[in-house]
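Results of the structural survey
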Amino acid sequence: MKAVVYKGPKNVEVEDVENPKISKPTDAIVRITSSAICGSDLHMYDGETTFESGRTLGHEPMGVVEEVGDAVQLVKPGDRVVMPFNIACGFCLNCIQGLTNACLTLNPDQPGSAYGYVNMGPYQGGQAEYVLVPYADWACLKLPGEPGDEFEDDFVLLADIFPTSYYSTELANVSIGKAVAVFGAGPVGLLAAYSAILKGASEVYIIDDSEERLKRAESIGAIPINTDDGDPAQQIMEIRQNNKNLMESLRPGEEKTLGVDSAIDAVGFQAYDRDNPNQEKRNQVLMDIANVINAGGHVGLIGVYPKENPAADNEDEKQGNIMFPLGKLWEKGITIGMGQTPVKQLHVFLRNLIFDGKAKPSFIVSDRISIEDAPQIYSQFDKRDTVVKPVIKFGAAAK
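Described in the following lines is the structure provided in the data block. All figures in this text were calculated on a predicted structure; none of them were measured in a lab.

1. Looking at the pattern of salt bridges
Here the structure, examined in full by the defined rule, presents 28 salt bridges. In this structure, Glu-254 engages Arg-251 in a salt bridge whose closest nitrogen and oxygen atoms are separated by 2.9 Å. When its relative accessible area of 25% is taken as the criterion, Glu-254 is described as partly exposed. We classify Arg-251 as exposed; its relative accessible area is 58%. Residues joined by salt bridges that share partners form a network here, namely Lys-10, Asp-46, Asp-382 and Arg-384.

As C-alpha cells, this is what we get:
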C-alpha cells in the first residue's frame, strides 16, 4: 500500500509499504477514505522532535472497515468509521476514568498512545491506504452516510482536530457570555474559536499574523487580531475599552476586567518571536496570555509542548523546559489545564452535532489532495499561511 513516510527534517516521501495485518483478535483493518494532515505533524516534519525516520505519519484516519478480528463484536466489514487519534484499551485504570489520552497498557514507555506520533508508541500512522486499529470495538465510531458524501470532510475532523479544539474550550472554562482569546489561527485555533462561539462566548478574539487565516476566523464571527499590528494583549484591551456598552455597564474597579476570561494556546512550543519574526520564541504565547488574562481566569494549553526538542537552542529547551510566567499567573489566581485530548469523551456528541446540522467544522479544510501530493503539501503547510487544513483523499472520497 502507499503511505506517507517520514524520512528526516523537511522530508516526507510516499512509499510502498507492507499492508497491516490483524495480529490480535481485537484488531481491525480500516481502508482509509480521508486522512487529515495535522499542524502537530509539522513539529515532526520540522525535525523538532525525536520521531524516527521510516515511520508512517498521520493520526487523523477515517474510512471503511475492511476486516475484523474474531473478538470484534460491535463493528463489521463495510461499516463507515472514524478513529480517535488516541489508541487505548478502554479498561485500564485511566481509561475507566475517561482518561483515554493516558491509557496505561498500550505504550511501554509512558501513558498514552497514538497513530504515527512521536513518543506515543510503536503504531504506524493513518496517512496510508490502510491502517491497523487496535481494540476496534472501543476505537471505531460508526458514522452514517457513504464515503465522499457531504459529511466526509466534517467526519474526518472527529479523529482529532474538532474534539481537540472543543476540549481546549473545556480546559479554558469557556461558557456563555465570556470573553475569550485564542492564540493561533491554524486549524486548532480556528476550531477552538468556533467551539467557543458554539458554547455562547460573547467575544472571541483570535490572534495570528496570517491575513488568510484571520479572514477565515472573521467569517465565523471571531474578532481577528494581527500581531503585525502590535501587542495582542493591548489590542484586545483597547477594543474592549472602546466598547461603549461594556464600559457603561462597569462599576468602579471593574475596568480591571478589560482582559479576557478564558485564553487558549493553540500554537505551542513553535511560537514566533514578535520582535524577531524569523525566530522562534518558545514562551511567546505564554507571556501574551499572562498579560491578557483577567484575574481568576482560565487557560487551556492545547498547543503541543514536547518533552524533548533536539532542535532547541539551549539545553533546557532541548529537555522541554520552557521559562513560564508563573509569578504573574499565580498573582492573578489563574487555573491552567493542558495535555492531549481524551477524544472519546466528546466523539459521539460532536458527531451528532454534525449530522444534525448544528456544526460544520469543515470550513477549515483548505486543500483536498491525493496521497502522491503529500510531500508538496507538507512543504506548503509548513509555511503556516494559505494551507490551513489539508486532507488526503482515497477511493470514492477523492471523486
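Structure shown, so let's carry the discussion forward.
2. Overview of unusual backbone geometry
For Tyr-135, which is not glycine, the phi torsion reads 45 degrees and is therefore positive. Along the polypeptide, Tyr-135 turns up in the loop between strand S6 (130-133) and helix H2 (136-139). For Asn-173, which is not a glycine, the phi torsion comes out positive at approximately 55 degrees. By the secondary structure assignment, Asn-173 is in the loop between helix H4 (161-171) and strand S8 (179-183). Judged by relative accessible area, which is 34%, Asn-173 ranks as partly exposed.

3. Considering the sheet that holds S8
With parallel pairing, the 6 strands of this open sheet are ordered in space as S10-S9-S8-S11-S12-S13. Only two strands of the sheet have a single neighbouring strand rather than two, namely strand S10 (223-226) and strand S13 (335-338). Along the sheet, successive strands turn relative to each other by an average axial angle of 20 degrees, direction set aside. Note that strand S12 (residues 293-301) and S13 share 4 bridges and pair parallel. Residue pairing in the sheet places His-298 in a bridge with Thr-335 of S13. Relative to strand S9 (residues 203-208), helix H5 (residues 187-198) is tilted by about 175 degrees, and along the sheet it contacts S8, S9 and strand S11 (260-265).

4. As for the side chain of Asn-86
Tracing the backbone through its elements, the reader meets Asn-86 in the loop between strand S5 (80-82) and S6. Among the polar contacts listed, one links the side chain of Asn-86 to the backbone oxygen of Thr-341, at a separation of 3.1 Å. Once residues within four sequence positions are removed from consideration, Asn-86 is found in contact with Thr-100, Asn-101, Ser-113, Trp-138, Thr-341, Pro-342 and Val-343.

Rules used throughout
Residues numbered from 1 in each chain as written. Predicted model: local features only at pLDDT ≥ 70, side-chain atom pairs only at ≥ 80, totals over all residues. Heavy atoms only, no water. Salt bridge = Lys/Arg side-chain N within 4 Å of Asp/Glu carboxyl O. Buried < 20%, exposed > 50% of the residue type's maximum accessible area, 1.4 Å probe, protein only. Helix = DSSP H or I, 4+ residues; strand = E, 2+ residues; numbered from the N terminus. Pairing = 2+ DSSP bridges. Axes fitted to C-alpha atoms, helices over the stretch in contact; angles between N-to-C directions. Contact = heavy atoms within 4.5 Å. Polar contact = N/O pair within 3.5 Å; in protein donor to acceptor, adjacent residues only side chain to side chain.

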